[in-house]
Amino acid sequence: MSRFLSRALAGLKPYVPGEQPQDKKYIKLNTNESPYPPAKGVAEATYGQAEKLNLYSDPDCLLIKRAAAAVCGLGTGNVSVGNGSDEVLAHIFRAFLQDTGVAFPDVTYGFYPVLCSLLGIKYKTVPLRGDFSIDVSDYEGIDSAVCIANPNAQTGVYLAPEKVEELVLQNRGRLVIVDEAYIDFGGSSAVPLVKKYDNLIVVQTMSKSRSLAGARVGFAFASKQLISDIEAVRCSFNPYNVNRMSMYAAAMSLEQDEYFRSCVDKIVFARVYTATKLGKMGFEVLPSRANFLLARHSGVGGEELYEKLKERGILVRHFGDERIKDFVRVSVGTRAQMDEFLNAVQKILEERDAEG
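What counts, and at which threshold
- Residues numbered from 1 in each chain as written.
- Predicted model: local features only at pLDDT ≥ 70, side-chain atom pairs only at ≥ 80, totals over all residues.
- Heavy atoms only, no water.
- Core = buried A, V, L, I, M, F, W, Y, C linked by side-chain atoms within 4.5 Å.
- Buried < 20%, exposed > 50% of the residue type's maximum accessible area, 1.4 Å probe, protein only.
- Contact = heavy atoms within 4.5 Å.
- Pairing = 2+ DSSP bridges.
- Helix = DSSP H or I, 4+ residues; strand = E, 2+ residues; numbered from the N terminus.
- Axes fitted to C-alpha atoms, helices over the stretch in contact; angles between N-to-C directions.
- Right-handed = clockwise from strand over helix to strand, strands pointing away.
- Parallel < 35°, antiparallel > 145°, perpendicular 65-115°, else oblique.
- Left-handed = near helix turned anticlockwise from the far one by under 90°.
- Nonpolar A, V, L, I, M, F, W, Y, C, P; charged D, E, K, R; others polar.
- Phe/Tyr/Trp six-rings, centres within 6.5 Å; stacked < 30°, edge-to-face > 60°.

Asks: Tell me about the nonpolar core, and please be specific about residues and values.
Replies: Residues Ile92, Phe93, Leu97, Ile177, Ile201, Leu309 and Phe341 are the most contacted members of the largest nonpolar core, which totals 62 residues. Beyond its immediate sequence surroundings of up to four residues, Phe93 is in contact with Gln98, Tyr112, Leu115, Cys116, Leu119, Ile121, Cys147 and Ile177. Of all hydrophobic cores here, the second largest spans 51 residues; its members include Val42, Ala67, Leu167 and Ala249.

Next comes the structure, spelled out in structure tokens:
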């Protein structure tokens, strides 16, 4: 820490992303990326803009706004675009939460408390139930904004749209933010609800189901008034926030619906297959609607399993949070990758049995 760092940031603990090691080749099941490449034509659309990199990208992001609005049945005035959904969340937190504060589950996306610390936003955590589900009645009477990931980050547990609507209706003077990074893998989006409610913002990303994690493109969907506020913050910070190549890649990807659904179907199949196999090995596996599984085994600790898998060239994610420290989070890859993971897990369990 330098002597020039603002006192307000002295205790800041930055978000720690999943490992992206360069020392050797791993099977990466740790950062919830898609195992499949982008849709056909995305690379060509991207390369076609390379010769124009001397020019700024469109600050209004109209190419992507039109494509995303068409997919969601909204107008371009209901869409804001960011450099990944993390930036979109930052714009939302800065625009709306510094006066009200925010509440979110105790097990959720770790970026939320980091953003609050960075921006000086007060927050409270609401414990998930014993089965790691969200009970919307726990948010009754909370006047601050509410932010949930759905399906929930880390757990994959899903909240049905009618429950999201109940959360919105509990207090029409309270903002509700629904982060749908994983919604395409088995849930119904709350985006249609933004046509009915002016206290709802839905955030999505192209990093997961659209295979564009490296392009960094995310969205906010909301009423025109809310989007206008978000856009004011965006343009006050970085009006050229989405680069030209990512913009064209995203627009092309949104047109490739058949390929998108094919990739999602394969990931969902591999998720169910892996969860079933893990269950037969004695794992407790939470009911995930995302592209990952949260699992634990009584015979091996979460951190130990993470380390032993890494030794075998397989990366998963382990979190030190008290409630999930015994678990590992496993991104769903191809069927072949999941078979390698399962074989490695089986050998680790057999070694533990032999030792004990």
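Asks: An account of the sheet that holds strand β6 (residues 176-179) is requested, with residue identities and associated values reported.
Replies: Ordered by their spatial adjacency, 7 strands build an open sheet running β2-β8-β7-β6-β5-β3-β4, and the pairing between neighbours is mixed. The open sheet has two edge strands, β2 (79-82) and β4 (123-126), and neither has a second partner. Neighbouring strand axes in the sheet, compared pairwise and without regard to direction, differ in orientation by 20° on average. When β6 meets strand β7 (residues 200-205), the two strands line up parallel, connected through 4 bridges. Note that in β7 the partner of Val178 across the bridge is Val202. Across the face of the sheet, helix α3 (residues 85-100) comes into contact with β2, β3 (102-105), β5 (145-149), β6, β7 and β8 (218-221) while running at roughly 160° to β7.

Asks: Can you lay out the pairing of β5 for me, pointing to particular residues and giving the numbers?
Replies: Among the 5 residues of β5, 5 are classified as buried, and the element is accordingly described as predominantly covered. On β5, burial covers both faces: Ala145, Cys147 and Ala149 on one face and Val146 and Ile148 on the other are all buried. Both β5 and β6 contribute to a ladder of 4 bridges, which runs parallel. Bridge pairing in β6 places Ala149 opposite Asp179. What joins β5 to β6 is helix α5 (residues 161-169), and the crossover it makes is right-handed.

Asks: With reference to specific residues and values, describe the packing of helix α8 (residues 257-280) against helix α10 (residues 335-355).
Replies: Between α8 and α10, the shortest axis-to-axis distance is 10 Å and the interhelical angle comes to 15°. Between α8 and α10, the angle is such that the two are roughly parallel. The handedness of the crossing between α8 and α10 is right-handed. When α8 is examined against α10, the residues Phe269, Ala270, Tyr273, Thr274, Lys277 and Leu278 are found in contact with a partner set consisting of Arg335, Met338, Asp339, Phe341 and Leu342. Class assignment for the residues of the contact of α8 with α10 results in 7 nonpolar, 1 polar and 3 charged.

Asks: Tell me about the packing of aromatic side chains, and please be specific about residues and values.
Replies: The description of two aromatic rings rests on the distance between their centres and on the angle between their planes. Scanning all chains against the criterion turns up 11 aromatic pairs. Between Tyr15 and Tyr109 the ring centres are 5.5 Å apart and the planes differ by 80°, which places this aromatic pair in the edge-to-face class. Taken together, the residues Tyr15 in the segment before β1 (27-28) and Tyr109 in the loop between β3 and α4 (111-119) connect sequence positions 94 residues apart. Taken together, Tyr15, Phe93, Phe104, Tyr109, Phe111, Tyr112 and Tyr123 form an aromatic cluster joined through their ring pairs.

Asks: Tell me about the sheet that holds strand β9 (residues 284-285), residues and numbers included.
Replies: Where strands meet in a sheet, backbone hydrogen bonds hold them as pairs that are either parallel or antiparallel. Across the sheet, which stays open at both edges, the 3 strands sit in the order β9-β10-β12 with antiparallel pairing between neighbours. Of all strands in the sheet, those with a lone pairing partner are β9 and β12 (328-331), marking the two edges. As defined by bridge partners, strand β10 (residues 292-296) adjoins β12 across 4 bridges and the pair is classed as antiparallel. The residue bridging Ala295 from the neighbouring strand is Val328, located in β12.

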